[in-house]
Amino acid sequence: MTAKEYLSQAYKLDREANMIIQKADAMRKSLYGRGQNYENTGHSSNADGIAKAIEKVADYERKADEIIDELVNKRIEIENIISLVPDYDQREVLEKRYLLYQSWDGYYDKMTGEYVKGIWETMGKSRSRVFEYHQKGLDFINSRLKKIEKD
């Protein structure tokens, strides 16, 4: 596994957890408006269907909790390996990119309409310099990962 793949694991887990939470929210919202049928039609009540749906929502939430636990552990692991990078600027780029999920370039947030600075802008460095820091940091982590694989 390359350093980039290794460091990207937290982002993937974060997205997976968010997706499961969104599914649980959508399923929970679909339960609103479903009520008990009080007519005696001889059929099983609507309560069984609601109970099963609630159980599924709870299953989604348990799965999200498991992934979030895994995410927290992975983020700590990634933070620890990034902390080994001796150069401050390289560490900063790696943390901004792989722990804070910041973009390289600035953009306008669609929700707020505010401009969000990219990594190179927040660091006050040129884009090419930030990419250089990134690559050198990845090279260092690649060397550490190779040592770990040998042991």
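Anything mentioned here points back to the structure above.
What counts and what doesn't
- Residues numbered from 1 in each chain as written.
- Predicted model: local features only at pLDDT ≥ 70, side-chain atom pairs only at ≥ 80, totals over all residues.
- Heavy atoms only, no water.
- Helix = DSSP H or I, 4+ residues; strand = E, 2+ residues; numbered from the N terminus.
- Expected span 1.5 Å × (residues − 1).
- Buried < 20%, exposed > 50% of the residue type's maximum accessible area, 1.4 Å probe, protein only.
- Core = buried A, V, L, I, M, F, W, Y, C linked by side-chain atoms within 4.5 Å.
- Contact = heavy atoms within 4.5 Å.
- Phe/Tyr/Trp six-rings, centres within 6.5 Å; stacked < 30°, edge-to-face > 60°.
- Polar contact = N/O pair within 3.5 Å; in protein donor to acceptor, adjacent residues only side chain to side chain.

**Remarks on helix H2 (residues 9-31)**
For H2, with 23 residues, the first-to-last C-alpha span of 34 Å sits near the 33 Å given by 1.5 Å per residue. Where H2 is concerned, the buried positions are Gln-9, Ala-10, Leu-13, Ala-17, Ile-20, Ala-24 and Leu-31.

**Quick word on the nonpolar core**
Ranked by internal contacts, the top residues of the largest apolar core, which has 20 residues, are Leu-7, Ile-78, Ile-82, Leu-94 and Ile-141. Among the elements of the structure, helix H1 (3-7), H2, helix H3 (46-83), helix H4 (88-98) and helix H6 (127-150) are those that each provide at least two residues to this core. It is H3 that contributes the most residues to this core, six residues altogether. Look past the residues within four positions of Ile-141 in its chain and what remains in contact with it is Ala-3, Leu-7, Ile-81, Ile-82, Val-85 and Leu-94. Trp-104, Ile-119, Met-123 and Tyr-133 belong to the second-largest nonpolar core, a separate cluster that totals six residues.

**A word on the packing of aromatic side chains**
This structure, assessed with the given rule, holds three aromatic pairs. Aromatic pair Tyr-11 and Tyr-101: ring centres 5.2 Å apart, planes at 65 degrees, arrangement edge-to-face. Of this pair, Tyr-11 sits in helix H2 while Tyr-101 is found in the loop between H4 and strand S1 (107-108), placing the two residues 90 residues apart along the sequence.

**Comments concerning H4**
Listed in full, the buried residues belonging to H4 are Asp-89, Gln-90, Glu-92, Val-93, Leu-94, Lys-96 and Tyr-98. If you check the start of H4, you find a side-chain oxygen 3.1 Å away from the backbone N of Asp-89, and it comes from Asp-87.

**Here we look at the side chain of His-134**
Inspection of the secondary structure puts His-134 in helix H6. Leave out the neighbours within four places in its chain, and His-134 touches Val-93, Leu-94, Tyr-98 and Trp-104.

**Details of the environment of Met-1**
On the secondary structure map, Met-1 appears in the segment before H1. Assessed through its relative accessible area of 56%, Met-1 is described here as exposed. C-alpha of Met-1 to C-alpha of Asn-142: the two residues are 141 residues apart in sequence and 8.6 Å apart in space. Once residues lying within four places of it in the same chain are set aside, the contact partners of Met-1 are Tyr-6, Gln-9, Leu-145 and Glu-149.

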